[in-house]
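Observations on the model geometry
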Amino acid sequence: MSFGNRYTGLIHKYRDHLPVSDDTRIISLGEGNTPLIRLKNVPQWLKKDVDIYVKYEGLNPTGSFKDRGMTMAVTKAVEAGSKAIICASTGNTSAAAAAYAARAGIRAFVLIPEGKIAVGKLAQAMMYGAVTLQIRGNFDAGMELVKQVAEHVPVTIVNSINPFRLQGQKTAAFEIIEELGAAPDFHCLPVGNAGNITAHWMGYSEYFERGVVSQRPRMVGYQAAGSAPFMRGGPVAQPETVATAIRIGNPQSWEKAWELQKASQGWFDELTDAEILQAQRLLAMQEGVFCEPASAASLAGAMRDIRSGKIPEGSKVVCTLTGNGLKDPDTAISQCQSAVLETLDASLGEVEKSIVKHMQGL
Ligand code: AN7
């Protein structure tokens, strides 16, 4: 057994693959190194011989994959002397920006669509001390405002148009390759701005070009049907979906996404809110893994494409679970009305009666 190998975040671990120097002050909260969980019950339930792994990015320090990008973006902003960062966000980017700014001792400004971000994410932005600007408009409007205001005031944009974000996020692909000993056959992700799918393809490609692996996965991206600009062939003016994290009508990495789709021989598709929520609940109830609705789009899509044979039997599939289910308790509870929540008197008789009832058939 070896001691003293404290994990101190992905920049330390992958510094040879990242644009940092020995003098760089690293702003880290120990992000990365997330579990790659092999599903047991879902493949059986599908009656298909496939290996499905979920990369549980919800276990990052602020509960989403955004921490991988934010450790790099904030590290580089501080290195460049920036005193403030800014982003537009559907919630998770704002939570990560707020946390890493707090850690660095700089100011964070976050623009969020009023009433359209999950309550946990709002709590995070406020608790970490970001100046939280709720706009009467959606993410896309916020993104345009951020680009414009950054031309007038000295703030560093930390949305995924900041190239350091993708540098940090590519490390998830490194981790997957190191754990599996090879790239998977298919890698499925939810798509909003398409930054994360782009970053994963970068990571796989770097290990491929260095000869670490001899193959790269086919990349598969899923959007919510009400927010599916890739399927409509152009921006969606009024995106809507229960998966508020990907309620995005004008993806910032549009070209890169289509390039990697071609290069990897992957595809994009869309899922209804009902399909997304069903996959979220299935994953929680069958596997004990709680992700937020947007994240479940990756599994929902993979299940559909496995069923149809588009993803053939014998495949190794990785689904990225981008965010933690605890971020959005309202959506979770609202779809559990049929689940087991009973109200009863604090009496032994009542409690015992309920337990006996629910033990029947076990
Ligand atoms: C849980 O926080 O864009 O395709 O502003 O939070 O890289 O945009 C969030 C995106 C998937 C989509 N899953 O990733 C934001 C934001 C979750 C997310 C995505 C997001 P990209």
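Residues numbered from 1 in each chain as written. Predicted model: local features only at pLDDT ≥ 70, side-chain atom pairs only at ≥ 80, totals over all residues. Heavy atoms only, no water.

Attention shifts here to the packing of helix H8 (residues 171–180) against helix H9 (residues 195–209). Orientation of H8 relative to H9, taken along the N-to-C sense of each, is 50°, at an axis distance of 7 Å. Here H9 runs oblique to H8, going by the angle between their axes. Where H8 crosses over H9, the handedness of that crossing is right-handed. Residues Ala172, Ala173, Phe174, Ile176, Ile177 and Glu178 of H8 lie in contact with H9, whose contacting residues are His200, Gly203, Tyr204, Glu206 and Tyr207. Partitioning the contact of H8 with H9 into residue classes produces seven nonpolar, two polar and two charged. (Axes fitted to C-alpha atoms, helices over the stretch in contact; angles between N-to-C directions. Helix = DSSP H or I, 4+ residues; strand = E, 2+ residues; numbered from the N terminus. Parallel < 35°, antiparallel > 145°, perpendicular 65-115°, else oblique. Left-handed = near helix turned anticlockwise from the far one by under 90°. Contact = heavy atoms within 4.5 Å. Nonpolar A, V, L, I, M, F, W, Y, C, P; charged D, E, K, R; others polar.)

Our next topic: the site of the ligand. As a structural note, the neighbourhood of the ligand is formed by 24 residues, with Asn92, Thr93, Asn193, Ala194 and Thr322 the closest of them. Residue Lys66 places a side-chain N or O atom 3.4 Å away from an oxygen atom belonging to the ligand. In the environment of the ligand, an oxygen atom lies 2.8 Å from a nitrogen or oxygen atom belonging to the backbone of Gly192. Burial of the ligand by the protein amounts to 99% of the accessible area it has alone, namely 470 Å². Taken atom by atom, the bulk of the ligand overlaps the largest cavity. At the level of secondary structure, the elements contributing two or more residues to the shell around the ligand comprise helix H4 (92–104), H9 and helix H13 (293–308). By residue class, the composition of the shell around the ligand is 10 nonpolar, 12 polar and two charged. (Near = heavy atom within 4 Å. Polar contact = N/O pair within 3.5 Å; in protein donor to acceptor, adjacent residues only side chain to side chain. Areas by Shrake-Rupley, 256 points an atom, 1.4 Å probe, with all protein chains shown as cover. 1 Å grid on protein atoms, 1.4 Å probe; cavity = no way out; pocket = protein on both sides within 12 Å on 5 of 7 lines; lining within 4 Å. Sits in = over half its atoms within 2 Å of the grid points.)

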